[in-house]
Structures are given as C-alpha cells and as structure tokens.
Amino acid sequence: RLLKESRIKPSIIQNRFHSNRGYDVNLRPLFKKNGMANQMFWILTGSAGGKVRNNDKVTAIAKRFNVSNQVVLYLFTMQIGGAPLIGPKNINHIKEDVDGLLR
C-alpha cells in the first residue's frame, strides 16, 4: 500500500534478517522489481546469528575460503540481493570483515 499510494517512493528498505520475518523471502523480489536497496541488519545477532553463524556448513565454507563465519553470512546476504548493515565496534573486526569481503 505504501508503495502504491506514496508520492515519493521508498528507495531503501531496512529490515531485520530474522526468521520471524521469513528472512523477507517473499518481499525481496518486490524490492528488486521496484529498484529498492534492501539493507539487512541483525545478520549476526538475530535469529540467524548464533544458530547459523556456528553451523557446521557455514564453518566449512569459511574454512574453504579462509574467511570468518561472519564474512560468509555477509556474503550470503549480498548474494541474495541485500546490503548487510554491519556494526563491529572493534577496529580489528572491521579490518577482518573488509578484507574478507574483498577476497
């Protein structure tokens, strides 16, 4: 309804990457169709966080590409059309994330 009735259309959507939202699987095509950037947060700390971040498959992928499990999740969200909103407070974590994303 917002998209249809608004005079100024939204161009950026910020949503939690969370299981209780179904990870927005049904909404992502709408965002893409309408040229909206999909910024995802709670990637590491929401429902996807601990369970997924420490999953054996995520760990295996991280080891294979020599990156952290966190970087695997960031890259996954990018692969499905999202822009991960990340907020590490430690400069070393920021450097590790950027280095991993640039590989």
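It should be emphasised that the depicted structure is a prediction, and the values quoted were computed from it without experimental measurement. (Residues numbered from 1 in each chain as written. Predicted model: local features only at pLDDT ≥ 70, side-chain atom pairs only at ≥ 80, totals over all residues. Heavy atoms only, no water.)

Novice: Just to check I follow, could you spell out the pattern of salt bridges for this structure?
Specialist: Counting across every chain of the model gives one salt bridge. Ionic pairing is found between Asp24 and Arg21, a salt bridge with its closest N-O pair at 3.5 Å. Taking relative accessible area as the criterion, Asp24 reaches 6% and is therefore assigned buried. Look at Arg21 and you get partly exposed, because its relative accessible area is 32%. (Salt bridge = Lys/Arg side-chain N within 4 Å of Asp/Glu carboxyl O. Buried < 20%, exposed > 50% of the residue type's maximum accessible area, 1.4 Å probe, protein only.)

Novice: Would you explain the confidence of the model for the chain in this entry?
Specialist: Interpreting fine coordinate detail is not advised for predicted regions of low pLDDT. When pLDDT is averaged along the chain, the result is 87, and 97% of the positions lie at 70 or above. The lowest-confidence element of the chain is helix α3 (residues 49-53), averaging 72 in pLDDT; the highest-confidence one is helix α4 (residues 56-65), averaging 94. (pLDDT = per-residue confidence, 0-100. Helix = DSSP H or I, 4+ residues; strand = E, 2+ residues; numbered from the N terminus.)

Novice: In this structure, what is going on with the nonpolar core? I would like to understand it.
Specialist: One recurring pattern in soluble globular proteins: nonpolar side chains tend to sit buried together. Counting six residues, the largest nonpolar core is built from Phe17, Met40, Ile43, Leu44, Leu73 and Tyr74. Among residues more than four places away in sequence, those in contact with Met40 are Asn15, Phe17, Arg28, Thr77, Ile80, Gly82, Ala83, Pro84 and Leu85. Val58, Val67, Val71 and Val72 belong to the second largest nonpolar core, which has five residues in total. (Core = buried A, V, L, I, M, F, W, Y, C linked by side-chain atoms within 4.5 Å. Contact = heavy atoms within 4.5 Å.)

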